[in-house]
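# Tertiary structure, described
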Amino acid sequence: MTRGTTLINGGWVIPMTDREVYEGGAVLVKDGVVGAVFRAEDELPEVETVVDAAGCVVMPGLVNTHCHSPMSLFRGLADDMPLASWLNEHIFPAEAAHINPETVRAGALLSCVEMLLSGTTTVCDGYFYEGEVAEAVVETGMRGVLAHGVIDFPAPGVPDPSENVEKAAAFVEAWKDRWPLVTPSIFCHTPYTCSEKTLAVAKEACRRLGVLFQIHVAETEDEVQRLKEERGISPYQLLDDLHILDETTLLIHNVWMSSRDMDLVARRGTTASHNPGSNTKLASGLCPASALMEKGIHVGLGTDGAASNNNLDLFNDMQLTAKLHKAYSLDPVAMDAWTVLEMATLEGAKAIGLGGSIGSLLPGKRADIILVDMNKPHLTPTHNPVSHLVYAATGADVRDVFVEGRQVVKGGRLLTVDVGSVMAEVNRIAAFMG
Ligand SMILES: [Zn+2]
């Protein structure tokens, strides 16, 4: 027996290293990493701890490639309106009135709790006071690529916009040695809320610090149209002219994209985040994710903030992705379940720069693993567990969650923080809103 070893044994192991389900398989976890993946016929090692996974899917934790975790504070505050009014008349004023380090911490804790309980082990996040988000991520035991926001207006914690990139770079410096749970990053809001100079300086800081640059782009038709009228170019061309499109830039939304834009992004090796819940709720449109993937672009799934989704259950977004693309293309073969599951795991990990560390159960990768309980009426019978994960399961079916080999959810209960206190604190803050 080797000390510190855990064997997750039984069930349907879906390592996402190939399109195979190992029925009756097992996963060995040692020192926070995946030690081995076994098939039913393999001989199993003696270990210190055995987790019985009979009746469960055993798979990599889900990767949410886009979120603003503190925005759970604004869940359901303003719905059923266009993005411009939602943002300018509700969200920006609510942020100005209520966002401070304490509320950011409370909202981020709530989001981390929600994500871990629904099987998301990694979040790629961007907001203000992001150091508080990082503390929440560490406290709950999840993993995050966390970015400080950059915008050319006075923002929470950054009253003077001329200091916006400097503040974001200081966040990266402060958190750059906190691997494995925290990987810092910088997030420019959009090409229309950041000047060309801000965009270029922020990307330069990312290059110098060796971190991911993130940006919302082409979310609405209006923003693309306006730039075309003013400058005669697309936002992708603008970003490329500023040398921002490369393998360490993540483009979020990508709803209004021409095939020329797609070719450009593919040529630069730039990655993308698809946010079907947020884009449909705000009626922005649908990212041509299948076409992007056909061109070799890594596309992950994102929930966006809880103010525009309105939950952070990535199972929800998996189902939406599969069904929306079929309906939109009038092709039932489009966006099959395996493709969607890859987007929520390995492709998402690649999109946020962690493809070598997470996203599949390849031996040597960090042990971020979830168990999804298939012993439920809505998941019976289990002809095909991959189909169930995309078309029938929800985050509430997640039984156990491991991050870095550490169990953080057991039997549907979070082990790291008191969920009741986290919810009570958010309710206390929310009582001052509206
Ligand atoms: Zn967003």
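Residues numbered from 1 in each chain as written. Predicted model: local features only at pLDDT ≥ 70, side-chain atom pairs only at ≥ 80, totals over all residues. Heavy atoms only, no water.

Per an unreviewed UniProt entry, the chain goes by 5-methylthioadenosine/S-adenosylhomocysteine deaminase and derives from Desulfoluna spongiiphila. Turning to the chain, the UniProt annotation filed under Function (unreviewed entry) states: "Catalyzes the deamination of 5-methylthioadenosine and S-adenosyl-L-homocysteine into 5-methylthioinosine and S-inosyl-L-homocysteine, respectively. Is also able to deaminate adenosine." UniProt's Sequence similarities (unreviewed entry) comment on the chain is quoted here verbatim: "Belongs to the metallo-dependent hydrolases superfamily. MTA/SAH deaminase family." (UniProt positions renumbered as here; feature names shortened; annotations may be inferred.)

Of the protein atoms, only His66 (NE2), His68 (NE2), His216 (NE2) and Asp304 (OD) coordinate the zinc ion, at distances of 2.1 to 2.4 Å. Its four donor atoms give the zinc ion angles of 89 to 172° at the centre, a pattern that matches the irregular case. Read N to C, the donor residues that coordinate the zinc ion are spaced as H-x1-H-x147-H-x87-D. Highlighted residues: histidine 66 in strand 8 (residues 62-67) and histidine 216 in strand 12 (residues 212-217), separated in sequence by 150 residues. Judged by its relative accessible area of 0%, histidine 66 falls in the buried class. The exposure class assigned to histidine 216 is buried, which follows from its relative accessible area of 7%. (Donors = N, O, S within 2.8 Å, 3.2 Å for Na, K, Ca; no water. Tetrahedral: all angles 85-135°; square planar, octahedral: opposite > 155°, others 65-115°. Helix = DSSP H or I, 4+ residues; strand = E, 2+ residues; numbered from the N terminus. Buried < 20%, exposed > 50% of the residue type's maximum accessible area, 1.4 Å probe, protein only.)

Our next topic: the UniProt feature "binding site: substrate" (unreviewed entry) in the chain. Annotation from UniProt places "binding site: substrate" (unreviewed entry) at Glu95, His189, Glu219 and Asp304. Considering the arrangement of structural elements, one finds glutamate 95 in helix 1 (residues 83-98). Ignoring any residue separated from it by four or fewer positions in sequence, one finds glutamate 95 in contact with Met71, Phe74, Tyr127 and Pro156. For glutamate 219, the position within the fold is in the loop between strand 12 and helix 6 (221-231). In this structure glutamate 219 touches Leu83, His253, Val255, Trp256, Asn279, Leu282 and Ser284, once residues within four positions along its chain are discounted. (Contact = heavy atoms within 4.5 Å.)

Let us look at the nonpolar core. Ile14, Phe74, Leu199, Met318 and Leu389 are the most contacted members of the largest nonpolar core, which has 111 residues in total. For this core, the leading source of residues is helix 2 (residues 101-117), giving nine residues. There are two domains that each give this core at least three residues, and those are domain 1 (2-60 + 360-411) and domain 2 (62-351). Beyond its immediate chain neighbours, meaning those up to four positions away, methionine 318 contacts Leu62, Leu301, Val340, Leu341, Ala344, Leu389 and Val390. (Core = buried A, V, L, I, M, F, W, Y, C linked by side-chain atoms within 4.5 Å. Domains from an automatic or database assignment.)

Taking 1.5 Å per residue, twelve residues should reach 16 Å; helix 15 (residues 419-430) reaches 17 Å between its end C-alpha atoms and fits that length. Those residues of helix 15 that fall on the buried side of the exposure criterion are Val422, Val426 and Ile429. End-on view of helix 15: buried residues confined to an arc of 60°, all on one side of the axis. For helix 15, the secondary structure elements touched by its buried residues are helix 2. (Expected span 1.5 Å × (residues − 1). Arc of directions from axis to C-beta.)

Every α-helix winds through 3.6 residues per turn, so residues three or four apart in the chain are directed the same way. With 14 residues, helix 5 (residues 196-209) should reach 20 Å at 1.5 Å per residue; the first-to-last C-alpha distance of 20 Å fits that figure. Residues Thr198, Leu199, Ala202, Lys203, Ala205, Cys206 and Leu209 constitute the buried set of helix 5. Considered in projection along helix 5, the buried side chains sweep an arc of 155° and stay on one side of the axis. Among the exposed residues of helix 5, those oriented more than 90 degrees off its buried face are Lys197 and Arg208. Among the structural elements, strand 10 (143-150), helix 4 (164-175), strand 11 (182-188), strand 12, helix 7 (235-241) and strand 13 (249-253) are those in contact with the buried residues of helix 5. Directly after helix 5, the chain includes glycine 210, whose backbone phi takes a positive value near 70°.

To continue, consider the UniProt feature "binding site: Zn(2+)" (unreviewed entry) in the chain. Annotation from UniProt places "binding site: Zn(2+)" (unreviewed entry) at His66, His68, His216 and Asp304. Separation in sequence by 239 residues is not matched in space for these annotated residues, since their most distant C-alpha atoms are only 11.9 Å apart. Each residue touching histidine 66, except ones within four places of it in the same chain, is listed here: Cys124, Phe187, His216, Ile252, His253, Ser273, Asn275, Leu301, Gly302, Thr303 and Asp304. Assessed through its relative accessible area of 5%, aspartate 304 is described here as buried.

Scanning the model with the defined rule gives 23 salt bridges in all. Between arginine 19 and aspartate 336 there is a salt bridge, with its nearest N and O atoms 3.7 Å apart. Residue arginine 19 is located in the loop between strand 2 (12-13) and strand 3 (22-23), and its partner aspartate 336 is located in the loop between helix 11 (314-329) and helix 12 (337-343); the two are separated by 317 residues in the primary sequence. Close ionic contact of aspartate 397 with lysine 376 constitutes a salt bridge, the shortest N to O distance being 2.9 Å. With aspartate 397 in the loop between helix 14 (385-391) and strand 17 (398-403) and lysine 376 in the loop between strand 16 (369-373) and helix 14, this residue pair connects regions lying 21 residues apart in the sequence. (Salt bridge = Lys/Arg side-chain N within 4 Å of Asp/Glu carboxyl O.)

Within this structure, the stated rule accounts for one aromatic pair. A centroid spacing of 5.8 Å and a plane angle of 55° characterise the contact between tyrosine 127 and phenylalanine 128, whose relative ring orientation is tilted. When sorted by exposure, tyrosine 127 lands in the same class as phenylalanine 128, which is buried. One Lys or Arg, arginine 226, reaches over the ring of tyrosine 192 and ends 5.7 Å from the middle of that ring. (Phe/Tyr/Trp six-rings, centres within 6.5 Å; stacked < 30°, edge-to-face > 60°. Lys NZ or Arg CZ within 6 Å of the ring centre and 35° of its normal.)

So, about the pairing of strand 4 (residues 26-30). Counting buried positions along strand 4 yields four of five residues, so the element is predominantly enclosed. By the bridge criterion, five bridges tie strand 4 to strand 5 (residues 33-38) in an arrangement that is antiparallel. Paired with valine 27 across the strands is valine 37, a residue of strand 5. Connecting strand 4 to the antiparallel partner strand 5 that follows it, the hairpin turn spans two residues, and aspartate 31 within it adopts a positive phi of roughly 50°. (Pairing = 2+ DSSP bridges.)

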